[in-house]
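Structure at a glance
Below, each chain spelled out in residue letters.
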Amino acid sequence: MKLLKNYIFWTYERGSLHYDIMVTLILLFLFISPHYIDFKAHPQDTPLQPAQTLVQEDGHGGYLYTLRAQDVRQATGDLNSDLLYAVVQYAGPVTMDKSEEMKDAHGKVTGYKVWVHRP
């Protein structure tokens, strides 16, 4: 009974035979138990969302921002102002050079390409 009490309260000195036995039992449990016990810890099958914004250098000292259409607010009625606002959220103060719509096969706008440079 005293042996069991000493194992439960971990009273053995480090490096002793009983200490090594306890550590070995713990390691065996950690490495062997997942093969025999179903802990219900499986990865979730949630699809990953595409990146909201892709930033690339344009080769002329500026940057090309690729934005999803749903990430561009349509508040001002001026598309260029809305695109610039969306880019400024990521880049800080920039000047927009040009923009281009990206469309799918049915002609629906799916995103925008915006070329900017720092003033």
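Now for a look at the structure at hand.

Criteria and cut-off values
Residues numbered from 1 in each chain as written. Predicted model: local features only at pLDDT ≥ 70, side-chain atom pairs only at ≥ 80, totals over all residues. Heavy atoms only, no water. Helix = DSSP H or I, 4+ residues; strand = E, 2+ residues; numbered from the N terminus. Rg over C-alpha atoms; globule rule 2.2 N^0.38 Å. Buried < 20%, exposed > 50% of the residue type's maximum accessible area, 1.4 Å probe, protein only. Contact = heavy atoms within 4.5 Å. Expected span 1.5 Å × (residues − 1). Arc of directions from axis to C-beta. Polar contact = N/O pair within 3.5 Å; in protein donor to acceptor, adjacent residues only side chain to side chain. Phe/Tyr/Trp six-rings, centres within 6.5 Å; stacked < 30°, edge-to-face > 60°. Lys NZ or Arg CZ within 6 Å of the ring centre and 35° of its normal. Pairing = 2+ DSSP bridges. Lys, Arg positive; Asp, Glu negative; His and termini not counted. Salt bridge = Lys/Arg side-chain N within 4 Å of Asp/Glu carboxyl O.

Focus: the overall build of the protein chain
Across its full length, the protein chain holds three helices and four strands. Counted from the first residue to the last, the protein chain has its helices and strands arranged as α-α-β-β-α-β-β. Expected size for 119 residues packed as a compact globule is a radius of gyration near 14 Å; at 30 Å, the protein chain overshoots this value by more than 25%. When its C-alpha atoms are laid out on the principal axes, the protein chain stretches across 80 × 35 × 30 Å. Scored against the burial criterion, the 119 residues of the protein chain give a buried share of 22%. A sequence separation of at least 24 residues applies to 32% of the contacts in the protein chain between residues at least 6 apart.

Comments concerning helix H3 (residues 79-91)
Three or four residues apart is the spacing at which side chains of an α-helix point the same way, because the helix has 3.6 residues per turn. An ideal rise of 1.5 Å per residue puts 18 Å on 13 residues; H3 measures up with 18 Å between its terminal C-alpha atoms. All of the buried residues along H3 are Asp-82, Leu-83, Ala-86, Val-87 and Ala-91. For H3, the angular spread of the buried residues around the axis is 160°, confining them to a single face. Elements in contact with the buried residues of H3: strand S2 (63-68), strand S3 (95-103) and strand S4 (109-117). Taken from the residues just after H3, Gly-92 is the one with a positive phi, measuring 85°.

Section: the side chain of Ser-33
The topology assignment puts Ser-33 in helix H2 (residues 17-36). Polar contacts involving the side chain of Ser-33 include one to the main-chain carbonyl oxygen of Phe-29, which spans 2.4 Å. Here Ser-33 is in contact with Leu-28 and Phe-39, once residues within four sequence places are set aside.

Focus: the packing of aromatic side chains
Tallied over the entire structure, the rule returns one aromatic pair. Between Trp-10 and Tyr-19 the ring centres are 5.5 Å apart and the planes differ by 80°, which places this aromatic pair in the edge-to-face class. The exposure class assigned to Trp-10 is partly exposed, which follows from its relative accessible area of 36%. With a relative accessible area of 17%, Tyr-19 lands in the buried category. Directly above the ring of Tyr-85 sits Arg-73, whose terminal nitrogen or CZ lies 3.8 Å from the centroid.

Looking at the pairing of S3
Pairing of S3 with S4 involves eight bridges; the strand directions are antiparallel. Residue pairing across strands places Met-96 opposite Val-116, the latter belonging to S4. Connecting S3 to the antiparallel partner S4 that follows it, the hairpin turn spans five residues, and Gly-107 within it adopts a positive phi of roughly 90°.

Looking at the side chain of Asp-82
Positionally, Asp-82 belongs in helix H3. Of the side chains with opposite charge, Arg-73 lies nearest to the buried Asp-82, which makes no salt bridge, at 4.4 Å.

As for the pattern of salt bridges
Inspection of every chain in the model, using the stated rule, returns three salt bridges. Linking Asp-71 and Arg-68 is a salt bridge whose minimum nitrogen-to-oxygen distance equals 3.0 Å. According to the relative accessible area criterion, Asp-71 is partly exposed, its value standing at 26%. Judged by relative accessible area, which is 17%, Arg-68 ranks as buried. With a shortest N-O distance of 3.7 Å, Glu-101 and Lys-103 are connected by a salt bridge.

Taken by themselves, the reported measurements are silent on function.
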